[in-house]
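# Chains, contacts and geometry: an overview
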Amino acid sequence: MRGCALVSATDRAPDDYANHIGRRAARAAYEQAGLGPEVVDLAEVHDATSYAELQQIENLGLAVPGEVVARLKVGDFALGGRTPVNPSGGLVAKGHPVGATGIGQLYELIQHLRDEAGARQVEGARIAAAENGGGFLGVEEAATVVTILERAAV
């Protein structure tokens, strides 16, 4: 584990996306890891809704705000793309198992970092990011955690 940040909601304005809980958690985790989003090879994000996946891709810094849809259209976040997001199918595909979402995300990412993900394998995966949030307070999740993992040296 290179970095892990747990962040709580704040009383931010609804249109203050720069200080969204997911963005703040990502910044803290990247700082702790000594890395930036440009080196992330794959990610698992909390996608309890389709919109949430788009928002978390931006919050993790994998796309510039406003460009995520265009990047989706060219396949950047699909398996085989620049930075696959939710190669597991995400939480929506799993029926959103509340309480088990975070550990499921980490397990998925570890499989990729160990080259054990089978048909879902992201080739050459070295750095992975997980984002998971829960509850609701004000205009955002009550708590969010971002974890940055790195392939173990062999």
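Everything below is about the structure shown above.
Presented here is a report on the structure given in the accompanying data block. Along every chain, residues carry numbers that run from 1 in the direction the sequence is written. The predicted origin of the model limits local features to residues at a pLDDT of at least 70 and limits the giving and counting of side-chain atom pairs to 80 or more, whereas totals for whole chains, interfaces and linings rest on all residues. Excluding hydrogens and water, the side-chain figures rest on all heavy atoms present in the structure.

Okay, the overall build of the chain next. In this description a helix means any DSSP run of H or I spanning at least four residues, a strand means any run of E spanning at least two, and both kinds are numbered starting from the N terminus. The secondary structure content of the chain amounts to five helices and four strands. When its helices and strands are written in sequence order, the chain yields β-α-β-α-α-α-α-β-β. Taken along the three principal axes of its C-alpha coordinates, the chain extends 45 × 30 × 30 Å. When the 154 residues of the chain are sorted by exposure, 45% land in the buried category. A 1.4 Å probe rolled over the protein chains alone gives each residue an accessible area, and that area as a share of the maximum for its type sets the label: buried under 20%, exposed over 50%, partly exposed in between.

Let us look at the nonpolar core. To form a nonpolar core, buried Ala, Val, Leu, Ile, Met, Phe, Trp, Tyr and Cys residues must be joined to one another through side-chain atoms within 4.5 Å. In terms of nonpolar packing, the biggest core is built from 23 residues, with L60, L62 and I148 touching the most fellow members. Listed by contribution, the elements that provide at least two residues to this core are β1 (3–8), α1 (21–33), β2 (42–45), β3 (127–134) and β4 (143–150). Broken down by element, the residue count for this core peaks at six residues, all from α1. Those residues in contact with I148 that lie beyond four places of it in its chain are M1, R2, G3, A29, Y30, A33, L35, I127, A128 and A129. Counting residues in each nonpolar core, the second largest holds eight residues, with L113, A125, A130 and L149 among its members. The contact definition used throughout considers only heavy atoms, calling two residues in contact when any of these lie within 4.5 Å.

Right, let's get into the packing of α1 against helix α2 (residues 50–59). Angles here are taken between N-to-C directions and fall from 0 to 180 degrees, while the axes themselves are lines fitted to C-alpha atoms, restricted in helices to the stretch in contact. The interhelical angle for the contact between α1 and α2, taken along N-to-C directions, is 35 degrees, at an axis separation of 8 Å. Crossing hand, α1 versus α2: right-handed. Contacts between α1 and α2 involve G22, R23 and A26 from the first element and Q56, E58 and N59 from the second. When its residues are assigned to classes, the contact of α1 with α2 shows one nonpolar, three polar and two charged. Here a crossing is called left-handed whenever its near helix is offset anticlockwise from the far helix by less than a right angle, and right-handed whenever the offset is clockwise. Gly is put with the polar residues, along with every residue not named as nonpolar or charged; the nonpolar set is Ala, Val, Leu, Ile, Met, Phe, Trp, Tyr, Cys and Pro, and the charged set is Asp, Glu, Lys and Arg.

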